[in-house]
Amino acid sequence: MLFRSIEEHIFEAIVDFNTAPFKAIKDAGCCEVKIKVEQCCRNGAITTVTPDNFYTDAMINICNIALTKNKCNTSPQLSIPPVGYLCCNQPFTFNNGVRETVDGDSLSYELVTPLKGNNTNLTYTGNFTSAIPMTPFCPPNKGILNCRPLPNAKPPRGFYFDKETGDIVFTPTQCDEVGIIVIQVTEWRKDSARNKWIPIGYTRRDMQLIVKTCPDNNPPYFGIINKYSVCEGNKICFFIDAKDDPFLPKQTVPDTVTLTWNFGIPGATFTIVDPKAREKQAQFCWQTKIGDARPNAYSFTATAKDDNCSNPSSANKGYTVTVKPKARTKRQLEILDCGRFRFTSWPVDTVNYNQKNYQYKWTIRDSLNTGTPLYFGLKKQDSIKFKRGGKYIIEHEITNPPYNCPSIYTDTIIIPPQ
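Caption draft 1: Broad picture of the state of the cysteines. Taken as a whole, this structure holds seven disulfides when the rule is applied. In this model, C87 is linked to C214 through a disulfide, with the two sulfur atoms separated by 2.0 Å. The chirality of the disulfide connecting C87 with C214 is left-handed, given an S-S dihedral of about -90°. Of the two residues, C87 is situated in strand 4 (residues 83-87) and C214 in the loop between strand 13 (197-212) and strand 14 (221-222); the sequence distance between them amounts to 127 residues. One disulfide in the model links C88 with C175; its S-S distance is 2.0 Å. Its S-S torsion of approximately -70° makes the covalent link between C88 and C175 left-handed. Linking C88 in the loop between strand 4 and strand 5 (92-94) with C175 in the loop between strand 11 (168-170) and strand 12 (178-190), this pair joins segments that are 87 residues apart in sequence.

Set out below in structure tokens:
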């Protein structure tokens with residue numbers, strides 16, 4: 001029996017562009033610095049591109065990094081091996097398990113063309129492209145590549161790539177196909193001077209996917225929903241289900257599923273609800289903090305594996321949590337002469353939110369804080385004249401459409417006797 005194995009090599013290095021010999025690059029005004037790996041040769045069994053040398057690179061923009069508060073950068077980690085064995089005519093769900101937990105940079109994903117040298121692309125065979133690099137299930141005509149992707153169909157149709165999570169979903173139909181898919185992960189960071197998000201580098205990864213005919217076994221799968229949002233400072237919890245359907249009528253003993261994650265969001269928890277259950281459910285929880293809001297989502301990857309004796313299968317799915325900015329403000333409360341009272345809301349902006357879009361709500365009640373309000377208004381600034389002195393409760397709510405993450409403040413004032 002012939003066994004095939006895969007070697008994985010990890011190279012780590014620290015490069016300081018403030019010291020020789022790398023300082024010369026910085027002094028010359030070179031911004032985009034590439035670190036490349038090139039070797040001979042790619043697998044000769046590849047069918048979707050013309051095999052040639054292997055080449056990949058990573059880029060860091062030292063000029064843009066210099067514009068941010070954090071002057072260093074660590075490349076994202078990829079926790080899922082870049083080789084997959086696909087079962088012909090069975091759904092395939094894959095995610096590279098990207099983690100960016102050192103610098104907290106935002107990430108975006110895109111599919112790109114594999115390279116054989118610096119700025120030199122490999123040539124696709126047939127009608128393959130970087131967007132559709134392998135043959136998906138596209139009924140009714142076998143061999144069609146560019147049908148509309150339906151990742152949640154059973155089985156999935158077309159070739160689906162999610163730019164927010166990096167998920168790849170399709171049903172391979174060419175049973176002897178060996179394909180190359182390349183994903184590029186771009187890192188984004190806020191410019192400390194202009195308060196804008198700028199690219200600071202990218203990492204490329206080549207994946208080799210091998211389609212083969214498998215025994216009777218359905219792979220595990222996840223639920224449809226994988227994108228969530230929360231207001232900064234709030235806690236979010238949701239459930240993740242990993243299912244595995246028996247291959248009927250031939251499979252008589254159902255598979256048991258294991259469910260894990262890649263710890264992609266620091267401080268979050270991933271708890272298996274019932275470890276003894278055949279199909280697993282996990283609860284994800286994260287208590288966010290004020291200051292966690294950003295345009296690009298935080299992400300993590302869940303992995304489900306079955307225990308099929310002859311052909312274990314797995315699925316990886318990306319999950320994102322978008323942390324929305326919370327409306328915050330400073331209140332200015334002024335007790336004036338003759339029972340007059342003036343109140344003003346001064347929004348505190350942390351994400352370049354348009355000041356004109358804020359919505360305000362003021363409510364004034366007596367010390368019992370019950371019954372009909374003495375005042376209700378929707379202005380940023382207003383005033384009221386009290387007819388008698390005493391203690392009053394001021395409640396102010398500010399919110400920020402379309403994020404709709406309000407803050408509510410309660411203050412107590414004492415109006416002198418009239």
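Caption draft 2: The sheet that holds strand 19 (residues 280-287), seen in detail. In spatial order, the strands read 14-16-19-18; together these four strands make up an open sheet with antiparallel pairing. What marks the edges here is a single partner per strand, and that holds for strand 14 and strand 18 (269-272).

Caption draft 3: Highlighting the sheet that holds strand 5. The strand order across the open sheet formed by three strands is 5-11-10, and the pairing between neighbours is antiparallel. Whereas interior strands pair on both sides, the edge strands pair on one side only; in this sheet they are strand 5 and strand 10 (160-161). Two strands pair when backbone bridges link them, and strand 5 and strand 11 are joined in this way by three bridges, in the antiparallel orientation. Among the inter-strand pairings, T93 is bridged to a residue of strand 11, identified as V169.

Caption draft 4: Representation of the packing of aromatic side chains in the model. Applying the stated criterion to the full structure yields 24 aromatic pairs. Ring geometry for F92 against F170: centres 5.9 Å apart, planes inclined by 75°, an arrangement best described as edge-to-face. In this pair, F92 is assigned in strand 5 and F170 in strand 11, connecting sequence segments 78 residues apart. F170 carries the same exposure label as F92, and that label is buried. The cationic tip of R294 hangs over the ring face of Y298; the distance from NZ or CZ to the ring centre is 3.7 Å.

Caption draft 5: Quick look at the environment of T329. For T329, the location among the structural elements is in strand 22 (residues 328-335). A sequence separation of 17 residues divides T329 from W346, and the C-alpha atoms of the two residues are 5.3 Å apart. With sequence-adjacent residues up to four places away left out, T329 is seen in contact with S345, W346, P347, V348, H396, I398 and Y409. Reaching out from T329, the side chain makes a polar contact with the side chain of S345 at a distance of 2.8 Å. Looking at T329, its side chain comes within polar contact range of the main-chain oxygen of W346, at 2.9 Å.

Definitions and limits used
Residues numbered from 1 in each chain as written. Predicted model: local features only at pLDDT ≥ 70, side-chain atom pairs only at ≥ 80, totals over all residues. Heavy atoms only, no water. Disulfide = S-S within 2.5 Å. Helix = DSSP H or I, 4+ residues; strand = E, 2+ residues; numbered from the N terminus. Pairing = 2+ DSSP bridges. Phe/Tyr/Trp six-rings, centres within 6.5 Å; stacked < 30°, edge-to-face > 60°. Buried < 20%, exposed > 50% of the residue type's maximum accessible area, 1.4 Å probe, protein only. Lys NZ or Arg CZ within 6 Å of the ring centre and 35° of its normal. Contact = heavy atoms within 4.5 Å. Polar contact = N/O pair within 3.5 Å; in protein donor to acceptor, adjacent residues only side chain to side chain.

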